[in-house]
Amino acid sequence: QVQLVESGGGLVQAGGSLRLSCVATRSIFSFTNMGWYRQAPGKERELVATIISGGKTNYADSVKGRFTISRDYPTNTAYLQMNGLKPEDTAVYYCYAEYRGGNYWGQGTQVTVSS
């Protein structure tokens, strides 16, 4: 079983930055991959960024060059550094992890970008 706890969301002006954190209750070294999804009101959940066990990253086209996913093994934490935020980035951001064939989700953290 894996629990994921996100933090770092909030209200920011357009052009600003936020860093989201996702702490796992077990070693992330054993995770097949970790990542971030987001869901805006009235829209489906969409992939933002992922990082696989080998370190390769993948980003949605809408966030390339602005967002960076990373992880820290000693603290079992994944991060999403978000720069150059836009109003269209407003959403609930969810951390997820794949572990032994199961998918696990955090509770979500709200990110609101004002124009």
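Starting from 1, residues in each chain are numbered consecutively following that chain's sequence as written. Two thresholds apply to this predicted model, a pLDDT of at least 70 for residue-level local features and 80 or more for giving and counting side-chain atom pairs, whereas whole-chain, interface and lining totals are computed over all residues. The side-chain numbers reported here are obtained from all heavy atoms of the structure, hydrogens and water having been left aside.

Draft legend 1. Fine view of the pattern of salt bridges. Salt bridge, as used here, is a side-chain nitrogen of Lys or Arg placed within 4 Å of a carboxyl oxygen of Asp or Glu. Per the counting criterion, the structure on display carries four salt bridges. In this structure, Arg38 and Asp89 form a salt bridge, with 2.9 Å as the shortest nitrogen-oxygen distance. Residue Arg38 is located in strand 4 (residues 33-39), and its partner Asp89 is located in the loop between strand 8 (77-82) and strand 9 (91-99); the two are separated by 51 residues in the primary sequence. Grouping residues by exposure puts Arg38 and Asp89 together as buried. Through salt bridges that share partners, Arg38, Glu46, Arg66 and Asp89 make up one connected network. Starting at the N terminus, helices and strands are each numbered in turn, a helix being any DSSP run of H or I of at least four residues and a strand any DSSP run of E of at least two. Note on classification: 1.4 Å probe, protein chains only; a residue is buried when its accessible area is under 20% of the maximum for its type, exposed when over 50%, partly exposed between these limits.

Draft legend 2. Main features of unusual backbone geometry. A positive phi is found at Asn76, a non-glycine position, where the angle reads about 55°. Along the chain, Asn76 turns up in the loop between strand 7 (67-72) and strand 8. Overall, Asn76 belongs to the buried group, its relative accessible area being 18%. If you check the backbone angles, Arg100 has positive phi at about 50° while not being a glycine.

Draft legend 3. Layout of the state of the cysteines. We call a pair of cysteine sulfur atoms a disulfide whenever their separation is within 2.5 Å. The tally for this structure, following the rule as stated, stands at one disulfide. Shown here is the disulfide that connects Cys22 with Cys95, its sulfur atoms set 2.0 Å apart. Of note, the bridge from Cys22 to Cys95 carries an S-S torsion of about -75° and is left-handed in sense. Highlighted residues: Cys22 in strand 3 (residues 18-24) and Cys95 in strand 9, separated in sequence by 73 residues. Per residue, the accessibility class of Cys22 equals that of Cys95, and both read buried.

Draft legend 4. The arrangement of the packing of aromatic side chains in detail. Each Phe, Tyr or Trp ring (for Trp, its six-membered ring) is paired with any other whose centre lies within 6.5 Å, and the angle between the two planes then decides the class: stacked below 30 degrees, edge-to-face above 60, tilted in between. Here the structure, examined in full by the defined rule, presents five aromatic pairs. Ring geometry for Phe29 versus Tyr73: centroids 5.5 Å apart, planes at 70°, classification edge-to-face. Here Phe29 is found in the loop between strand 3 and strand 4, whereas its partner Tyr73 is found in the loop between strand 7 and strand 8, with 44 residues between them in sequence. By relative accessible area, Tyr73 is classed as partly exposed at 32%. Among the aromatic residues, ring-to-ring pairing joins Tyr37, Tyr96 and Trp105 into one connected group.

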